Amino acid sequence: MAELRDNLRKRWDVCRDVPPIEAQKTPWKLVKVLRLLSISLVAVVVFGLAVGSKSFFLVLITLSNNVTHTVPAQNKPLPLLCISCATICPSVLLLIKSLWKFIFKNSQTPRKLTALWVVVVESLVGLGSAVLTVVAMPHFGIVTNAMILNSLSLLSSILQVAAQSVKGHGCRYLWPSILSIVLTLAGYVLFIVSYLLPEGGERMELWVGLGIGSALLVSLTWWQNYFTLFNNSFLDDLVKDMERSRTVVHILSSVVRILVTGAVVGAYVPLSGRDWSALTSVQEKEKQLVLIVMAIQVGCAALCHWFAVVACKMHAVRHAFVLPLYLASIAVLAVFLVPISLAFKDSNRSPQANYTFTQYCADVRSDEVTNLAPNWFQGLVMDVTRCLCLREMSEEMNIVYIGSASLCWWLGLVLSTVYILFLKVGRIERTQDFFVRRMYEGTFLEQSLLLNTRFVVRRKEEKRSKCEKVNVFLCATMWHESYDEMIKMFISMFRLDKYRPKDNSHQDVEFESHVYFDDAFLDVEGSRDRHINEYVKTLVDAVREVYTIFLEEDPSIFRDRPPMADQSILRTPYGGRLEYSLPHGNKLIIHLKDKKKIRHKKRWSQIMYLYYILGWRLTTGYFKKLEKGENREELEKSLKKEQDNTYLLALDGDTDFQPAAVMLLVDRLKLYPHVGAACGRIHPTGTGPMVWYQKFEYAVGHWLQKTAEHVLGCVLCSPGCFSLFRGAALMDDNVMKKYTITATEASHYVQYDQGEDRWLCTLLLQQGWRVEYNAASDAYTNAPQDFKEFYNQRRRWGPSTMANTLDLLGTGSLTSEKNSSISKPFVLYQVLSMAASILGPATICLMTAGSFSFVFRIHPNYSLIVAVVPPVIYLILCFKLKSDTQITIAAFMSVFYAFLMLGTGLSIVGSMVEEQTIWTPSGLFIICTILLYTITAILHPQEAPLAIYGLLYFICIPSAYLLLAIYSMVNMNNVSWGTRESAGAGKQAATPPKTMGQRLLQGLPACCRCPCLRGDGMEMMPEETVVMGQEVGMRGQETVMLGLKMNVKPQENIRYLESPPPLPEQCWVTQLQNRTEDYNFKEACLQEEEEIFFINLQKRYLEPLKEDKAKQDQITNDLKDLRNKVTFVYFICNALWLVATFVLQLIGSSVTIKIPKASLNLTATGEYVYIDPIGLMFLLGFGLLILIQFLAMLYHRIYTMIHFVAFVDTESQSEKISSTYKSPRRPEDIAQLGEKEKNNLESTEVEMYRRYSTAGTMV
């Protein structure tokens, strides 16, 4: 009968109520176009900057040649000095960066042998570089100088052959390197022939020998790229020691290069018959030309190096890195030869018959061709022509020799770096993993970039390298969430299950979801066991709904409904557990906590899953292996590796996210081993003015503050609603263990329990771990929608933020020593930010005083008094009134301040229009602020519409930074959570949305309601009900109300709709087993060892706190005492600021700064603006902070784009495959297949068959 009933229900119950579950569908066509555009742009920029860098360097070489006339012969030391400056500029930049790290961060000293090796090698390289560029190249022609730098690949090719031979992976990978050696040597031979055979003289043998010898010395630069491939212990230890002491090695190498280059150029000028004193007699025009050329060359080289790194990180190695650099040398020749050919055509004798370019060169050498146009460009063209015609174009055979040598050198460079085309780049590649040396070479840029790319020995059969799998545990804490909020979070978890099934081909990450539900049980009279509450029932219904939707992916009405596997239900020492096997094999485990057995609230739930996952699940197994006699060192290495590859994703019960958001955070932790946590961009959701305000507030906080912390140092708070933590970081000393401290002092309640997420991050930072922010990882969470809930939330956040920041600043020196990402300048930045935050109320008072003065034309002193009075009165009232009354008063005052701010803004705009000037402090402040936020919003195109809420944010500034600050400080002693305190607080958490009939009934006066209905009109219902338009013949009193016809039985038969009176034998297990008809909850038992673990965990850390009235009274008094002390210091600081400003205004113009007022066209109006020194310093300090944050945001935006482009490139194919998901075959279809067909099934289908074959008949 039951089976017949279920089959019939399948036929008529076909409609579905499907919430929005779609994953983030990437518009692949648009993404491909954008990616192509970005890669094309980077490729063009790299190519243009490489050509520019080399072209301007060759111009400097040309100006230093003795045959050129733009710079007279006696002034040649100037271009030689600029050549040496361009050569050492990368060393200077690296020295500055390394000194910064050495002074403000941790650094280690290399061994003496390592330091000696660095000094010797860098001396040889510096000597070769200086001799090649300063001494030898000025004596060669422009074609030779453009192409001889390609011969620097000779030693690299030789080492490639040696490395491939040592590894013994076949000869077919040797021929490019061997051919490169042959071509480079052939180029040298042709070079010698072209320069020594025709005429010789002028000590040309010396210059040719110096050129070849110095080029060989320069090729030593990239020794580190190959020496580690020879399996030599000395070289391996040498390289490891250099990596360990990288900062000091960089300082040492930079200093050596600078000193050697300076010594070479300093000695060469006198030896060449010139005098350094000639620098004082150089004409201004010549000096400007040479210095501008040098500055452009240095800038192009630095930018080209940076964009080349960007191209590699964007997975555009071939198109935006290798190809532009290959073509740069050829393009440089075109840049110089095209103007020369045009000058040849425009010469006086070019129209004559049989007048060749060789004859033209002869005339140029004999000065028969004069420079008729005196501008600097044509002068440079003529100088380049003189260098070209000196030897390279003197005879036709020389043209052949030089052309052949140039081609050989270029092909040699291409063949020696062809391995780059086959490099496999990770999703986000670290610069030090892609390039061997951090320093680029400014004078031979493209060669240094190509040869500096890490060399990998190629194998015969290159197997796909498997990345280490990481385990991600999703840990959500829940309490009084609503059905809609639960649905959003579970949909996100089921999306991850579909995105990365248990048995997936990627083998990169494995997910397991955990939900820790606080206060899940209640006592029921007459029952021997505790029962689950309405929130747990709602949770089970939400899981069932989402499970059904993700299992039934076929939208057809005749779809096959695959049976759901049986799930498990367990009794545990802390309450209970529900274990779900998700449709694609991953697990979802819901822990139901009984507050009578285990400590409740969010921090203790976090401690519970930290010790369960990292302590029990991760560590216990290794102790068992040790007891069995396995090697201790191997176990320690394996455990350390697993700790590093275990991540915990902290979630709130209402967080909504996409799989891509999680993967972007996983990338950060996989790439950087010192990153302990990473957070994403949190978007508040909801409706109403309070949510609109928070949307812009969150946007500004992430756009500017979070990015500034990420770039300058570390993110101080990784929000618990969506953050990924590394297991090794959490298990570090003074982190997880210290996190278990029970608050015993008043300050503990504020720092530990009111802001647990920030405190956990503070512990990580103090232990040396880095916390990062990824702007492309989006998550959505519900925000307070009413004024009271918002104020109570910020009442918790404000003091805890201040307490944790002061704790971090108090240990700033020690933290900066442990944490390489927190430098002393970053600590100073945080001190300035904290000072600005503390002085926020006084600043708002000054702002409102200016508003009163500007709008009502009141004297500044009186306006300041008027502005201070309302906050002072509110401060006094907050000490006397209840918190709800305080919030009500704050709401009314917020409306008043909003009108005042709006009027002030309009008045300032009207004043600028009336006075025809924007050059006033208020005008500049408003304009700069609007421009700043507008540009910032444009740089975040997906979030740009949030700028609309900027006006609401502006008019709410007094409420948020003055009234809220007062409320938070005065109510610091209130350590309650403030939101979701009860079922009636905030959202009606477990109550489903009311129907239209319910709302109509609730809106009726009490006298018009049915006497059998109480409360909202639907609490009590008759045993039998007649639905609208449906009549059932039953005895009872018939009542007609609003079109609802109900047969109401006598009073004794009325029952409660919520739940019938429980039978004594009922318990929470039978409650859940009877609640769902789609799958069975089979009761299982917890393993004995795991049960003992939870019992011990409860006794040690999570035992429910006993109520101690005396202790509670003591803590209450201590909290009030702490509140009084903190508020006294806090508001005294603000009072001192206000008094200082008032006194300066009272004194008058004698201590003010007079700034002339200018009109729109910057002409003086004769009027002045007077600003007191304190106000000016505060304005400049605030502007400096905003500017720093804006620049950090620009930097962060670029790297976010790089990461996103790389992520899209690597994930696009896998998402396309997963989007074409096929439902697994039905078990009965699989059972009918033969063994051969079963073996050919996909692994997912086999797994589904195995799981569902024991599921039984679907209920």
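Residues numbered from 1 in each chain as written. Predicted model: local features only at pLDDT ≥ 70, side-chain atom pairs only at ≥ 80, totals over all residues. Heavy atoms only, no water.

1. Quick word on the pairing of strand E5 (residues 567–572)
And then number 1: Pairing analysis gives four bridges linking E5 to strand E17 (residues 1081–1084), with the strands arranged parallel. When the sheet's bridge partners are listed, Ser568 is paired in E17 with Lys1082.
And then number 2: Two strands pair when backbone bridges link them, and E5 and strand E6 (residues 575–581) are joined in this way by five bridges, in the antiparallel orientation. Looking at the pairing, Arg571 lines up with Gly576 of E6.
And then number 3: The turn joining E5 and E6, which pair antiparallel and follow one another in sequence, is formed by two residues. (Pairing = 2+ DSSP bridges. Helix = DSSP H or I, 4+ residues; strand = E, 2+ residues; numbered from the N terminus.)

2. Structural notes on the nonpolar core
And then number 1: Membership of the largest hydrophobic core comes to 119 residues, with the highest contact counts inside it found for Leu58, Phe140, Leu152, Phe191 and Phe321.
And then number 2: In terms of nonpolar packing, the next biggest core, distinct from the first, is built from 69 residues, Leu474, Ile487, Phe511 and Val540 among them. (Core = buried A, V, L, I, M, F, W, Y, C linked by side-chain atoms within 4.5 Å. Buried < 20%, exposed > 50% of the residue type's maximum accessible area, 1.4 Å probe, protein only.)

3. Some thoughts on the sheet that holds strand E8 (residues 646–652)
And then number 1: With respect to topology, eleven strands assemble into an open sheet ordered E9-E12-E10-E11-E8-E1-E2-E7-E6-E5-E17, the strand pairing being mixed. Every interior strand has two partners, whereas the edge strands, strand E9 (656–657) and E17, have only one.
And then number 2: Relative to strand E11 (residues 722–726), strand E10 (residues 675–685) runs antiparallel, the two being bridged by three bridges. In the sheet register, Ala678 faces E11, and the bridge partner there is Leu724.
And then number 3: Strands in contact with helix H24 (residues 689–712) are E10 and strand E12 (770–782); relative to E10, the strand with the most contacts, it is inclined by about 155°. (Contact = heavy atoms within 4.5 Å. Axes fitted to C-alpha atoms, helices over the stretch in contact; angles between N-to-C directions.)

4. Focus: the packing of helix H19 (residues 483–499) against helix H23 (residues 659–671)
And then number 1: Their axes nearest at 9 Å, the elements H19 and H23 cross at an angle of 70°. With respect to H23, the element H19 is oriented roughly perpendicular. Residue-level contacts link Arg495, Leu496 and Tyr499 of H19 to Pro659, Val662 and Met663 of H23.
And then number 2: In the contact of H19 with H23, the residues fall into five nonpolar, no polar and one charged. (Parallel < 35°, antiparallel > 145°, perpendicular 65-115°, else oblique. Nonpolar A, V, L, I, M, F, W, Y, C, P; charged D, E, K, R; others polar.)

5. Considerations on the confidence of the model for the chain
And then number 1: The predicted model of the chain has a mean per-residue pLDDT of 81, with 78% of residues at 70 or higher.
And then number 2: Within the chain, strand E14 (residues 1037–1041) has the poorest average pLDDT of any element, 35, and E11 the best, 96.
And then number 3: A low-confidence stretch, residues 461–465 stays under pLDDT 50, and its non-local contacts, those more than four residues away or across chains, total zero contacts.
And then number 4: Below a pLDDT of 50 lies the segment residues 983–1059, which in the model reaches 92 contacts outside its immediate sequence neighbourhood of four places, other chains included. (pLDDT = per-residue confidence, 0-100.)

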